[in-house]
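# Reading the structure
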There are 2 protein chains.
Amino acid sequence: MKDSRIHMVADHAIRPQAEDVIFGLAARAAQAVEAHGKDAVINATIGTLLEDDGSLVAFKTVYNTLKELGNSEIASYADLPGEPAFLEAAVKAAFGSYKPEGIVRAVATPGGTGAIRHSIANFTNPGDTVITANWYWQPYQTICDESGRKLDNYNLFTPEGQFDYNSFEECFLKHLNKQKRILAIFNTPAHNPTGFTMSDAEWEKVLKLIRTCAEDGENRIVILCDIAYIDFAGENARSFMPQFSGLPENCLALFAYSASKSYTMYGLRNGAIICVTPSEEIASEFFYSCAFSNRGIWSNGTRGAMAVIAKIYGNEDLYNEVESERNHYRALLKVRGDAFMNAAKEAGIPLTNYCGGFFVSVPYSNPRELCDKLIEDNVYTVPLQKGIRLAICATNEEKSAKMPFAIKKALEELKK
Amino acid sequence: MKDSRIHMVADHAIRPQAEDVIFGLAARAAQAVEAHGKDAVINATIGTLLEDDGSLVAFKTVYNTLKELGNSEIASYADLPGEPAFLEAAVKAAFGSYKPEGIVRAVATPGGTGAIRHSIANFTNPGDTVITANWYWQPYQTICDESGRKLDNYNLFTPEGQFDYNSFEECFLKHLNKQKRILAIFNTPAHNPTGFTMSDAEWEKVLKLIRTCAEDGENRIVILCDIAYIDFAGENARSFMPQFSGLPENCLALFAYSASKSYTMYGLRNGAIICVTPSEEIASEFFYSCAFSNRGIWSNGTRGAMAVIAKIYGNEDLYNEVESERNHYRALLKVRGDAFMNAAKEAGIPLTNYCGGFFVSVPYSNPRELCDKLIEDNVYTVPLQKGIRLAICATNEEKSAKMPFAIKKALEELKK
């Protein structure tokens, strides 16, 4: 039966008119705080780093620098591909001392999201299937939908909690053989939503497969590393990067770099898409393709935010101050992670393999049910496809240590 | 012959690897200033409002407000569709006291560009043709290209310099009859690149046609008003807006609202797409479609910039201070416009119908030739399809008055 309503948007742009799940849960958590007081409620739905008292962490070093900028440094348009000094700094910020060998170029984007969008829209064909793990950041699906692409998943974890290489290989080959072109998104280190970090040995296997597949010169293989949480992923978070050195020409490595978490710049919309390739020509093609997309979608980026990052990388003292402030919060997050993991061990609840970062996940067959059960105990979490996500970035040590026991209780009650 | 190079971007995303024309000319102008001194060079390529001394205008009232925001008010993510207080303010800022009757909803976008992108991508089908006048802001073409749409043009001016309604009607009907869906972009008041403002009577004819075409219930008619320059368009710039009251359900009015020029927020990427429709359902569909696109492309917008606009509209004193600062610059721009137009009359050069705003245009059959000839005289302008654009927003009174004579001289030399 034909839909009798008048649609003014084109058919492909008719979207569900539903409340965003996370937003709805965050609102319910806020109501619970009103009713029961802050201490009685655990709100683990929020994706930003909070102080122990629940206020947002905004690095003083970053915001002092922003507010000291001349007005016109904030007011001016940025260069379409991004301010050159920012792009240089973004490459340093992304790779640290682990920059792969090859030609590296960057284009500014509004946060990591813009970088993922350009990767999907410019490096796949309409209707193509993009692949990522079956624990994934939900907006990957939204970005694919918006661009008219599909998303397929491989199994992320072996029963032992390691990277399920065999499942990845099967999914990768299936779509590569069909499309002769593939974009595989990896969210690592400190994966959202599980906190999992692929080991260097796991990366080695992935890159070996990719090099083998590249022997068919018709194949086009694009690996996108979403490194949004890299600065909260613990030591050696960048040690996998040099493996992208010396790729064959028909393999392209992309990095979605975000200043959101690394510099608490969530609301300033600042990030970059960075490529690594052995070929000047391919780097140049990448650059002009993404700069064109900037112009044709959101124009240029947030100038003041770019200027701040450029200043941080242009001034050693300031750089050290930012590092020191971030180290304080890294330690804070580690305390919460340890508190959660120790309590989880004690409580004996199922867990995915948390290595670091903002989130922990608990696998469960009916996530919504577990989420609702926890709400009865004033614990607010986010239901995903394969379990629930807990934002330890937003819960202090005490609350982080409480959550595993609340989960244990909920799981037991659900078993009855 | 098949292209033998390895392309890593998908075919649709291979873009020209050419220097941006305006950027290139601006760079040459900067070199000329180095060589000959500021006074000897007229740089009329820049699209932002400059002080008489050539420095950028950044409203003190706006940037003081920004810098007084708490850090976390800048650092936080904004709501995906935009902060509610900002969206309310943006509607007030867009319409003033001329808000059309109907259901009005807004979604935040990065400047006007994001609003135009959503209009094109969500309200037309892939492959469709969007229409606008033959003097137009070049990025309309880029946005269409990026989204896989085409752009067709009607003739903007009658020989008398008025809106060429007949040409518009022909183009509009041609594509509407073929597509049963059309998006027509109007850049008015104070059109970029000519400064032309459609009169209320001209709008009346356009809206009469649209209402007639809406009698075919299968037609979907979307009118996008790009009002980027509305706050520098002189008195009564909004008087056309109430004509969008009481449209048929299958006609949708969209407004691309930008804070870039109105609040000198170019580099903060702040704007909104606003709809006017008689139907709650269509407004809701618009809202969810555009909010979904936000999530799937750039995520949320610049929180601090939204907060500033919300504060301005929430505080009468601050509002009046901003108005008063803007009035000063409106007057400055008017002085330049008058100086240019008086000199143009004296010099007797051809002109398009300038009514207000940042730009004036001179029609000429070989724009690049005229542009190059003017460079010999150290006058830098932007070549378009049908003439050259002069940014009086960037040239002081003296230089504005000089340009027509430089153009006269150049035209005479080209005639030889």
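For the structure, see preceding data.
This section reports on the structure supplied with the text. None of the values given here were measured: they were computed from a predicted structure.

Criteria and cut-off values
Residues numbered from 1 in each chain as written. Chains lettered and ligands numbered in written order. Predicted model: local features only at pLDDT ≥ 70, side-chain atom pairs only at ≥ 80, totals over all residues. Heavy atoms only, no water. Helix = DSSP H or I, 4+ residues; strand = E, 2+ residues; numbered from the N terminus. Rg over C-alpha atoms; globule rule 2.2 N^0.38 Å. Buried < 20%, exposed > 50% of the residue type's maximum accessible area, 1.4 Å probe, protein only. Areas by Shrake-Rupley, 256 points an atom, 1.4 Å probe, with all protein chains shown as cover. Lys, Arg positive; Asp, Glu negative; His and termini not counted. Charge placed at Lys NZ, Arg CZ, Asp CG, Glu CD. Phe/Tyr/Trp six-rings, centres within 6.5 Å; stacked < 30°, edge-to-face > 60°. Lys NZ or Arg CZ within 6 Å of the ring centre and 35° of its normal. Pairing = 2+ DSSP bridges. Contact = heavy atoms within 4.5 Å. Axes fitted to C-alpha atoms, helices over the stretch in contact; angles between N-to-C directions. Least-squares fit on C-alpha atoms with pLDDT ≥ 70 in both. Core = buried A, V, L, I, M, F, W, Y, C linked by side-chain atoms within 4.5 Å. Buried area = accessible area lost by both parts, 1.4 Å probe. Salt bridge = Lys/Arg side-chain N within 4 Å of Asp/Glu carboxyl O. Polar contact = N/O pair within 3.5 Å; in protein donor to acceptor, adjacent residues only side chain to side chain. Nonpolar A, V, L, I, M, F, W, Y, C, P; charged D, E, K, R; others polar. Disulfide = S-S within 2.5 Å. Left-handed = near helix turned anticlockwise from the far one by under 90°. Expected span 1.5 Å × (residues − 1).

## Observations regarding the overall build of chain A
In terms of helices and strands, chain A carries 14 helices and twelve strands. For a compact globule of 416 residues, the expected C-alpha radius of gyration is about 22 Å, and chain A comes in at 22 Å, within 12% of that figure. The principal-axis extent of the C-alpha atoms belonging to chain A is close to 60 × 55 × 55 Å. By the burial criterion, 63% of the 416 residues in chain A qualify as buried. Carbon and sulfur atoms provide 48% of the accessible area of chain A, an area that totals close to 15,500 Å². Of the side-chain charges in chain A, 42 are positive and 51 negative, and the distance between the mean point of each set is 4 Å.

## Thoughts on the packing of aromatic side chains
Each aromatic ring pair is specified by the distance between its two centres and by the angle formed by the two planes. In this structure the tally under the stated criterion is 48 aromatic pairs over all chains. Ring geometry for Phe 59 of chain A versus Tyr 329 of chain A: centroids 5.8 Å apart, planes at 20°, classification stacked. Note that Phe 59 of chain A is positioned in the loop between β1 (42–43) and α2 (60–68) and Tyr 329 of chain A in helix α12 (residues 316–347), a separation of 270 residues in sequence. Look at Tyr 329 of chain A and you get buried, because its relative accessible area is 7%. Seen in terms of ring centroids, Phe 186 of chain A and Trp 203 of chain A are 4.8 Å apart; in terms of plane orientation they differ by 50°. Their pairing is tilted. Placement of the pair is Phe 186 of chain A in strand β5 (residues 181–187) and Trp 203 of chain A in helix α8 (residues 200–213), with a sequence separation of 17 residues. On the basis of relative accessible area, Trp 203 of chain A is assigned to the buried category, the value being 0%. Positioned over the ring face of Phe 287 of chain B is Arg 105 of chain B, at 4.1 Å from the centre of the ring.

## Looking at the sheet that holds strand β12 (residues 387–391) of chain B
Residue and element names in this part refer to chain B. Read across the sheet, three strands follow the order β9-β12-β11 without closing on themselves; strand pairing throughout is antiparallel. On the outer flanks of this sheet lie β9 (359–363) and β11 (382–383), each paired with one strand and no other. Both β9 and β12 contribute to a ladder of five bridges, which runs antiparallel. Following the sheet pairing, Pro 363 is matched in β12 by Gly 387. Taken strand by strand, helix α13 (residues 367–375) contacts β9, β11 and β12, and its axis lies near 45° from that of β12.

## Quick word on the relation of the copies chain A and chain B
Rotating chain A by 180° and moving it 0.0 Å along the rotation axis overlays it on chain B with an RMSD of 0.0 Å. Such a combination of rotation and displacement between the chain copies is what one expects of a two-fold axis. The C-alpha atom lying nearest the rotation axis in chain A is that of Lys 67 of chain A; the distance is 2.8 Å. Comparing interface residues between copies, 99% of those in chain A also lie at the interface in chain B; the contact surface is shared.

## Some remarks on the sheet that holds strand β12 (residues 387–391) of chain A
Residue and element names in this part refer to chain A. Strand order in this open sheet of three strands is β9-β12-β11, and the pairing throughout is antiparallel. A single partner strand is all that each edge strand has here, and the edge strands are β9 (359–363) and β11 (382–383). Relative to β12, helix α13 (residues 367–375) is tilted by about 45°, and along the sheet it contacts β9, β11 and β12.

## Some remarks on the nonpolar core
One finds Phe 168, Phe 255 and Tyr 263 of chain A together with Phe 168 and Phe 255 of chain B to be the most contacted residues of the largest nonpolar core, which totals 243 residues. The residues contacting Phe 168 of chain B, other than those within four sequence positions of it, are Ile 131, Tyr 154, Phe 163, Ala 184, Phe 186, Val 206 and Leu 209 of chain B.

## A short note on the interface of chain A and chain B
Counting residues at the interface gives 82 residues for chain A and 82 residues for chain B. Together, the buried faces of chain A and chain B total about 6,900 Å²; carbon and sulfur atoms form 59% of this surface. The largest share of the area that chain A buries against chain B comes from Met 8, Glu 285 and Phe 292 of chain A, three residues that together contribute 12% of it. Across the chain A-chain B interface, the total number found is four salt bridges. Two residues, Arg 5 of chain B and Glu 281 of chain A, come together in a salt bridge whose shortest N-O distance is 2.9 Å. Across the contact surface, chain A and chain B share 45 residue pairs in polar contact (both at pLDDT 80 or more). Counting residues per element, the ones that place at least two in the side of chain A that touches chain B are α2, α3 (71–75), α5 (111–123), α6 (139–146), β6 (220–226), β7 (251–258), α9 (259–262) and α10 (280–297) of chain A. At twelve residues, the largest contribution of residues to the side of chain A that touches chain B is made by α10 of chain A. Among the residues forming the side of chain A that touches chain B, the class breakdown is 37 nonpolar, 26 polar and 19 charged.

## Some thoughts on the state of the cysteines
Applying the stated criterion across every chain, the model contains zero disulfides over all chains. Cys 275 of chain A takes part in no disulfide bond, and the closest cysteine sulfur, belonging to Cys 290 of chain A, lies 8.1 Å away.

## Some thoughts on the packing of α13 of chain A against helix α14 (residues 397–415) of chain A
All names here are of chain A. Packing of α13 against α14 leaves a shortest axis separation of 9 Å and a crossing angle of 115°. Where α13 crosses over α14, the handedness of that crossing is right-handed. In contact with Glu 369, Leu 370, Lys 373 and Leu 374 of α13, α14 contributes Ala 406, Ile 407, Ala 410, Leu 411, Glu 413 and Leu 414. For the contact of α13 with α14, a count of residues per class yields seven nonpolar, no polar and three charged.

## Remarks on the pairing of β7 of chain A
All names here are of chain A. In terms of burial, β7 is a largely internal element, eight of the eight residues being buried. Of the two faces of β7, the one holding Cys 251, Ala 253, Phe 255 and Tyr 257 and the one holding Leu 252, Leu 254, Ala 256 and Ser 258 are both buried throughout. Where β6 and β7 come together, six bridges link them in parallel fashion. Looking at the pairing, Leu 224 lines up with Leu 254 of β7. When β7 meets strand β8 (residues 271–277), the two strands line up antiparallel, connected through six bridges.

## Some details on helix α11 (residues 303–314) of chain B
A turn of α-helix holds 3.6 residues, and therefore any two residues three or four places apart point the same way. All names here are of chain B. An ideal rise of 1.5 Å per residue puts 16 Å on twelve residues; α11 measures up with 16 Å between its terminal C-alpha atoms. With nine of twelve residues buried, α11 lies mostly within the body of the structure. Within α11 the residues assigned to the buried category are Arg 303, Gly 304, Ala 305, Met 306, Ala 307, Val 308, Ile 309, Ala 310 and Ile 312. On its buried side, α11 packs onto α2 (60–68), α3 (71–75), α4 (84–95), β2 (103–109), α9 (259–262) and α12 (316–347).

## Some details on the side chain of Ser 262 of chain B
Residue and element names in this part refer to chain B. Turning to its location among the elements, Ser 262 is positioned in helix α9. A relative accessible area of 1% means that Ser 262 is categorised as buried. A polar atom in the side chain of Ser 262 sits 2.6 Å from the side chain of Asp 231. In contact with Ser 262, other than residues within four places in its own chain, are Phe 59, Ala 228, Asp 231, Phe 232, Tyr 257 and Arg 326.

## Description of the pattern of salt bridges
Per the stated rule, a full pass over the model turns up 34 salt bridges over all chains. A salt bridge links Lys 174 of chain A to Asp 152 of chain A, with the nearest nitrogen and oxygen atoms 3.5 Å apart. Taken as a pair, Lys 174 of chain A in helix α7 (residues 165–179) and Asp 152 of chain A in strand β4 (residues 150–154) lie far apart in primary sequence, 22 residues in all. The exposure class of Lys 174 of chain A is exposed, given its relative accessible area of 52%. Salt-bridge contacts for Asp 231 of chain B lead to Arg 238 of chain B; the nearest nitrogen and oxygen are separated by 2.9 Å. Overall, Asp 231 of chain B belongs to the buried group, its relative accessible area being 5%. What you see here is one network of salt bridges that share partners, running through Asp 231, Arg 238, Glu 323, Arg 326 and Arg 330 of chain A.

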